[in-house]
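# Structural characterization, general
Each chain, letter by letter, is given below.
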Amino acid sequence: TGSASVVAFIPARQGSKRVPGKNVRLLNGHPLVAYTIAPALESGVFSSVIVSTDAEETAVIARHYGAEVPFLRPAAFSGDTSPDIEWLEHALTELKRQGRTWDAFSLLRPTSPFRSAATIRRAWEQFVAAKDVDSLRAVEKCGQHPGKMWVVRGDRMVPLLSPAAKGNLGDVVPT
């Protein structure tokens, strides 16, 4: 990790609406959250791997797999529409109160169970080598042309791109 100290935060609240209990559901014999904890620890990038959860059951599982859970996340920051910044600010403030600070943090979601330690290391190396950047975001290649995508607005669906924009993308060829 060079001279920077880095903490990994793994958000694992209990109240998923679409897949209840998803963070502790078993995948090939282990809870989903374990597949994020293990490569974070193995990567060697992080001085701490911390799970942010509102559930004691998740906290026990996270600790079993080697992560820290220094406190439970307050319900006010655990809703299905709670933005990340709320629980992140809370966690960083609480940890600073405990005398714990880092130079950088990473947010690793349990919903990417196939992320490897090598991928984490490669991302960190690219991040520290870059000039004039303050963040790094993982993305994946889209399988469809944006002209075929729709957005839900209220009870209606509208094209992601306007007809004029679609015409301008006619020359774009996916690689």
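Below, the structure is looked at part by part. If you're wondering where the values come from, they're calculated on a predicted model, not measured in any experiment.

Attention now goes to helix α1 (residues 34–43). For the α-helix, the turn length of 3.6 residues means that residues three or four positions removed from each other point alike. Burial runs high along α1: seven of the ten residues are buried. Turning to α1, its buried residues number three or more, namely A34, Y35, T36, I37, P39, A40 and S43. Buried residues in α1 make contact with β1 (6–11), β2 (26–27), β3 (30–31), β4 (48–52), α2 (56–64) and α4 (117–129). One or two residues past the end of α1 sits G44, with phi positive at roughly 75 degrees.

Turning our eyes to something else, we now look at the sheet that holds β1. Ordered in space as β4-β1-β5, the three strands form an open sheet in which the pairing is parallel. Each edge of the open sheet is held by one strand with a lone partner, namely β4 and β5 (104–107). Recorded for the sheet is a direction-independent mean angle of 25 degrees between the axes of neighbouring strands. Across five bridges, the pairing between β1 and β4 is parallel. Bridged to I10 within β4 is V51.

Counting buried residues along β1, six of its six residues qualify, which places the element largely inside the surrounding structure. Neither face of β1 is exposed, since V6, A8 and I10 on one face and V7, F9 and P11 on the opposite face are all buried. In this structure, β1 lies alongside β5, joined through four bridges in parallel fashion. Residue pairing across strands places A8 opposite S106, the latter belonging to β5.

Reading the values: rules and limits
Residues numbered from 1 in each chain as written. Predicted model: local features only at pLDDT ≥ 70, side-chain atom pairs only at ≥ 80, totals over all residues. Heavy atoms only, no water. Buried < 20%, exposed > 50% of the residue type's maximum accessible area, 1.4 Å probe, protein only. Helix = DSSP H or I, 4+ residues; strand = E, 2+ residues; numbered from the N terminus. Contact = heavy atoms within 4.5 Å. Pairing = 2+ DSSP bridges. Axes fitted to C-alpha atoms, helices over the stretch in contact; angles between N-to-C directions.

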